[in-house]
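# Breakdown of the fold
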Amino acid sequence: MTPLIEARRVWREYGGNIVLENVNARVNAGEFITIVGASGCGKTTFLRMLLGSDSPSRGELLLQGDTIPDEPGPDRGIVFQRYSVFSHLSVLQNVSLGLEFERSPLLARLFGTSRRNAESTARELLTTVGLGHALHRYPFELSGGMQQRLAIAQSLIKRPEILLLDEPFGALDPGIRKDMHELILGLWRETGVTVFMTTHDLEEGFYLGTRLWVFDKIRHDPDNPNRYGAHISYDIPLGKCQPEVLDEIAANRVKATHAGRSDCR
Amino acid sequence: MKRMVNLQPSRAARIGLGLLPLVLLVLAYWLASDARLAENPNDKLMPAFGSFIDAIERLAFEPNKRSGEYLFWNDTAASLKRIGLGVGLSALIGLVFGIACGLLPLVRAGLSPLVTIISLIPPMAILPILFIVFGLGELSKVMLIVIGISPFIIRDLQGRVMEISQEILIKAQTLGANTWQIVVRVVLPQVLPRLLDAVRLSLGSAWLFLIAAEAIAATEGLGYRIFLVRRYMSMDIILPYVAWIALLAFAMDWSLKTLSRWLFPWYFGIGASDKASTESTKVAERTA
Ligand SMILES: Nc1ncnc2c1ncn2[C@@H]1O[C@H](COP(=O)(O)OP(=O)(O)O)[C@@H](O)[C@H]1O
Ligand SMILES: [Mg+2]
C-alpha cells in the first residue's frame, strides 16, 4: 500500500544553513503524528513542505506516491499558532468562506439559498467546536482558545486529508489547552483526518499522538552550528512503546538544556 | 502631583483646551483689526468681521450683477467637483495598482520602479504639460490632482498589502482560493479601510494641487476667486474663502473617518457583540 505521505532522503537548506538533513518517513492515512524538538530544528519547515509553501532542496516528499504540489491546496489544511483567521470576517463568515471559494468561482460569494446552505453547514461545524454561541462575533472579540477553535473549524470545512497544526495551543492557558486536546482528539476520530502537529510540550505530544517524532541534530559542530541539519531522531509508536523510551527522550532534552543548547544547535 | 506625562484632560477640559487657541486667535485679530481701522478707516489688510459678513452675503446670497450666478456656491461646486473627481480617480488607481503591486511579485517587479520615479517628479513641474496635453478645461485640473496624489496612494497601499501576513494568504489558499478570489475576499476588504486612511492623508495635497491649478487657469472655483480678488487686495473675500476651504477640508476628512468606522467596524475594534447577542437569542429560540 502506498503511504499517504512519504519522505525520501529529504534535505532542506537555506544557503549554507542546513536545517533538515536526510529525513525519511512513511505515514499512513489516519495517523496522528506529534512532532517535538528544540526551537529552530526545522519542525515548521517540515510542515511548510507538507503544505507546499516550501519545498525540499534535495530528496522527495510524496503525497500518495506523487510529488507534493508546490503550492497550498484544499486537501491540506493548516492552523498556525496565531494569525490564521480573517480579522475582517465574522466567525460564521470565516468558516463559510471555504465553501464560497468552492461554489462561487467569480465572486467568491454566495447568495440566497446557496448561502443559507453554506451557512448551515458552517454553523453545524462551529457548534461542534463549541462556537455556536459566537457566530456573529469578529475574531478580535474572541479569546485565544476560541480563535484556535475557529481556525480548526475553518480548516475542517474543506474536509482536508491532512491537517497541519503548528504549535496550535502554544499560546493558551493550561486549562484551556486540556479542552482543546479533547476537541482535537474528538475531531480526529470523527473525521479520520491525518494530523501532523508540532508542539513544545513533550507531554502534549505523548498524550495526543499515535506516533511521536523527535527532530534533533545527530551531529554537532560547535564552531558552525548550521553545518549539520536535524532529522527524525526518534520515531515512536505511542501507546505501544516502553515508558523508558519516553524517559530517555525527556532526559536527553534536560541534558541538552543543561549544556546550554535550549535551541537547536 | 502626578508627572506631566500622566496628566489627562477631562472631556470638558479637552474641548476647552482645543477651543482656547482659536478664541485667542480671533480675539487677537479683532484687537489688531480695530487698532488699524481706528488709525486708517480705509485699511484693507485686516477688515473688520462685519466686512466678511457683507462680502459673503454679496457673493453667496445675491446673484452676480453680470452673470446672475451666486458666485460663492458656484465656486464651491466647481472646486468640489474637481477635487472629488481627482481624489476618487486617484483612490481607484491607487487601489488597483496598489493591490496588483503588493500582491503579485511579477507586477511589482514591472511597475514599482516606474511608480517610484513618477512619485519623485514634482507634479507642479508638469502642470504646463498637462495644460498643453489636456487643454485648459476641467480635465487638466483633475489630472494634476491625480498625478499629484495617486503615486502616494499606490505606494502606501502596496505597503499595506505587503503587510498582510503570509499566514493569511496561505490560509486562503488552503481553503481553495485562487488569486482572484484572494483579491476579492481577503486582500480587498482588508485594505479598504487603509485606502480610506491613505486618501485622508492625501487630502491636503489634493487641495494644494486644486488651488494651484485653479489659480493658473480657471474661470470659477475657490482658488480662482482668491487669486482673482487678490488684485484688489480684497481681504474681506480672501479670508472667509480660506476659512471655508478649511471647513470643507475638515468636513471631507471627518466624513471619510466616519464612513470608515461605519463600514469597517472590525478595523477599529468595534464589536458586533450587541448584534450577536440578539442574533444568538434568535437562533436559540428557533432551535428551541
Ligand atoms: N525562508 C527561510 N530562509 C532562511 N532560513 C530559514 C527560512 N525558514 C526557516 N529558516 C531557518 O530554518 C531554521 C528552522 O526553522 P523552523 O522550521 O521555524 O524551526 P522550528 O519550527 O523547529 O522552531 C531556523 O534556523 C530558521 O532560521
Ligand atoms: Mg516553529
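So, how was this worked out
- Residues numbered from 1 in each chain as written.
- Chains lettered and ligands numbered in written order.
- Predicted model: local features only at pLDDT ≥ 70, side-chain atom pairs only at ≥ 80, totals over all residues.
- Heavy atoms only, no water.
- Helix = DSSP H or I, 4+ residues; strand = E, 2+ residues; numbered from the N terminus.
- Rg over C-alpha atoms; globule rule 2.2 N^0.38 Å.
- Areas by Shrake-Rupley, 256 points an atom, 1.4 Å probe, with all protein chains shown as cover.
- Lys, Arg positive; Asp, Glu negative; His and termini not counted.
- Charge placed at Lys NZ, Arg CZ, Asp CG, Glu CD.
- Phe/Tyr/Trp six-rings, centres within 6.5 Å; stacked < 30°, edge-to-face > 60°.
- Buried < 20%, exposed > 50% of the residue type's maximum accessible area, 1.4 Å probe, protein only.
- Lys NZ or Arg CZ within 6 Å of the ring centre and 35° of its normal.
- Axes fitted to C-alpha atoms, helices over the stretch in contact; angles between N-to-C directions.
- Parallel < 35°, antiparallel > 145°, perpendicular 65-115°, else oblique.
- Left-handed = near helix turned anticlockwise from the far one by under 90°.
- Contact = heavy atoms within 4.5 Å.
- Nonpolar A, V, L, I, M, F, W, Y, C, P; charged D, E, K, R; others polar.
- Domains from an automatic or database assignment.
- Buried area = accessible area lost by both parts, 1.4 Å probe.
- Salt bridge = Lys/Arg side-chain N within 4 Å of Asp/Glu carboxyl O.
- Polar contact = N/O pair within 3.5 Å; in protein donor to acceptor, adjacent residues only side chain to side chain.
- Near = heavy atom within 4 Å.
- Core = buried A, V, L, I, M, F, W, Y, C linked by side-chain atoms within 4.5 Å.
- Pairing = 2+ DSSP bridges.

### Topic: the overall build of chain B
Along its length, chain B carries 11 helices and 0 strands. In chain B, the succession of α and β elements from N to C terminus is α-α-α-α-α-α-α-α-α-α-α. Over its C-alpha trace chain B gives a radius of gyration of 25 Å, far above what one expects of a compact globule, namely 19 Å for 288 residues. Dimensions of chain B along its principal axes, counting C-alpha atoms only, are 80 × 60 × 45 Å. Of the accessible surface of chain B, which amounts to about 16,600 Å², a share of 68% is contributed by carbon and sulfur atoms. Within chain B, the 20 negative side-chain charges are centred at a point lying 7 Å from the centre of the 27 positive side-chain charges.

### Brief notes about the packing of aromatic side chains
A full pass over the atoms with the stated rule returns 17 aromatic pairs over all chains. Taking 5.7 Å as the distance between ring centres and 70° as the angle between the ring planes, the aromatic pair formed by A:Phe46 and A:Phe215 counts as edge-to-face. Of the two residues, A:Phe46 sits in helix H1 (residues 43-51) while A:Phe215 sits in strand E9 (residues 211-217), which places them 169 residues apart along the sequence. Both residues of the pair, A:Phe46 and A:Phe215, belong to the buried class. Between the aromatic rings of B:Trp73 and B:Trp244, the centroid separation amounts to 6.1 Å while the plane-to-plane angle is 90°, which identifies the pairing as edge-to-face. You can see B:Trp73 sitting in helix H3 (residues 71-103) and its partner B:Trp244 sitting in helix H10 (residues 235-263), a full 171 residues away along the chain. Residue B:Trp73 is classed as partly exposed on the basis of its relative accessible area of 40%. Across from the ring centre of A:Trp11, 4.0 Å away, lies the NZ or CZ of A:Arg58, which sits over that ring. Directly above the aromatic system of B:Phe268 lies the positively charged group of B:Arg261, at a separation of 5.2 Å from the ring centroid.

### Overview of the packing of helix H8 (residues 179-216) of chain B against H10(B)
Residue and element names in this part refer to chain B. H10 packs onto H8 with a crossing angle of 165° between their chain directions and a minimal axis gap of 9 Å. In this view, H8 runs roughly antiparallel relative to H10, as classed from their interaxial angle. Like other packed secondary-structure pairs, H8 and H10 cross with a definite hand, here right-handed. Contacts between H8 and H10 involve Pro193, Leu196, Val199, Arg200, Leu203, Trp207 and Ile211 on the former and, on the latter, Ile245, Leu248, Ala249, Met252, Asp253, Leu256, Lys257, Leu259 and Ser260. Looking at side-chain class alone, the contact of H8 with H10 contains 12 nonpolar, 1 polar and 3 charged residues.

### A few points about unusual backbone geometry
Residues and elements named next belong to chain A. The phi dihedral of glutamine 64 is positive, around 50°, even though this residue is not glycine. For glutamate 167, which is not glycine, the phi torsion reads 45° and is therefore positive. Among the secondary structure elements, glutamate 167 is positioned in the loop between strand E7 (162-166) and helix H5 (174-191). On the basis of relative accessibility, which here comes to 14%, the residue glutamate 167 falls in the buried class.

### Observations regarding the domain arrangement of chain A
A common way to state how big an interface is: give the accessible area lost once the parts meet. Residues and elements named next belong to chain A. Entries for chain A in the domain assignment read domain 1 (5-75 + 160-264) and domain 2 (87-143 + 152-159). The distance between the C-alpha centroids of domain 1 and domain 2 comes to 29 Å. The partner domain 2 presents 7 residues to the 10 residues of domain 1 that form the contact. Where domain 1 abuts domain 2, roughly 780 Å² becomes buried across the two surfaces, and 84% of that area is made up of carbon and sulfur atoms. When residues of domain 1 are sorted by the area they lose upon contact with domain 2, Pro160, Leu183 and Leu187 head the list and together hold 53% of the total. Taken together, the connections running from domain 1 to domain 2 amount to 0 salt bridges. On inspection of domain 1 and its partner domain 2, the count reaches 0 residue pairs in polar contact (both at pLDDT 80 or more). No other element matches the 5 residues that H5 contributes to the side of domain 1 that touches domain 2. Residue composition of the side of domain 1 that touches domain 2, by class: 8 nonpolar, no polar and 2 charged.

### Some details on the site of ligand 1
Residues and elements named next belong to chain A. Close contacts around ligand 1 come from Tyr14, Asn17, Val19, Ala38, Ser39, Gly40, Cys41, Gly42, Lys43, Thr44 and Thr45, and that covers them all. Cysteine 41 has a polar backbone atom sitting 3.2 Å from an oxygen atom of ligand 1. When isolated, ligand 1 has an accessible area of 570 Å², and the protein chains bury 60% of it. Top element by residues in the shell around ligand 1 is H1. It accounts for 3 residues. Its residues placed into classes, the shell around ligand 1 shows 4 nonpolar, 6 polar and 1 charged.

### Digging into the nonpolar core
Judged by nonpolar contacts, the single largest core of 63 residues is most densely connected at A:Phe86, B:Val87, B:Ile145, B:Ile182, B:Val187 and B:Trp207. In terms of residue count, the dominant contributor to this core is H8(B) (17 residues). With residues up to four places along the chain from it excluded, the contact list for A:Phe86 reads A:Asn94, A:Leu97, A:Pro139, A:Gln154, B:Ile168, B:Lys171, B:Ala172, B:Leu175 and B:Val186. Counting 38 residues, the second-largest nonpolar core is a separate cluster that includes A:Leu131, A:Leu165, A:Val193 and A:Leu208.

### Comments concerning the pairing of strand E6 (residues 76-79) of chain A
Residues and elements named next belong to chain A. Judged by which residues are buried, E6 turns out to be covered on both faces: Arg76 and Ile78 on one side and Gly77 and Val79 on the other are all buried. Across 4 bridges, the pairing between E6 and E7 is parallel. Bridged to isoleucine 78 within E7 is leucine 164.

### Focus: the interface of chain B and chain A
Across the contact, 28 residues belong to chain B and 38 residues belong to chain A. Counting the surface lost from both chain B and chain A, the interface buries some 2,900 Å², and carbon and sulfur atoms represent 63% of this. Three residues stand out in chain B for area buried against chain A, namely B:Lys171, B:Leu175 and B:Arg185, and they jointly supply 28% of the buried area on that side. Summed over the shared surface of chain B and chain A, the result is 1 salt bridge. Between A:Glu100 and B:Arg185 there is a salt bridge; the shortest N-O distance is 2.8 Å.

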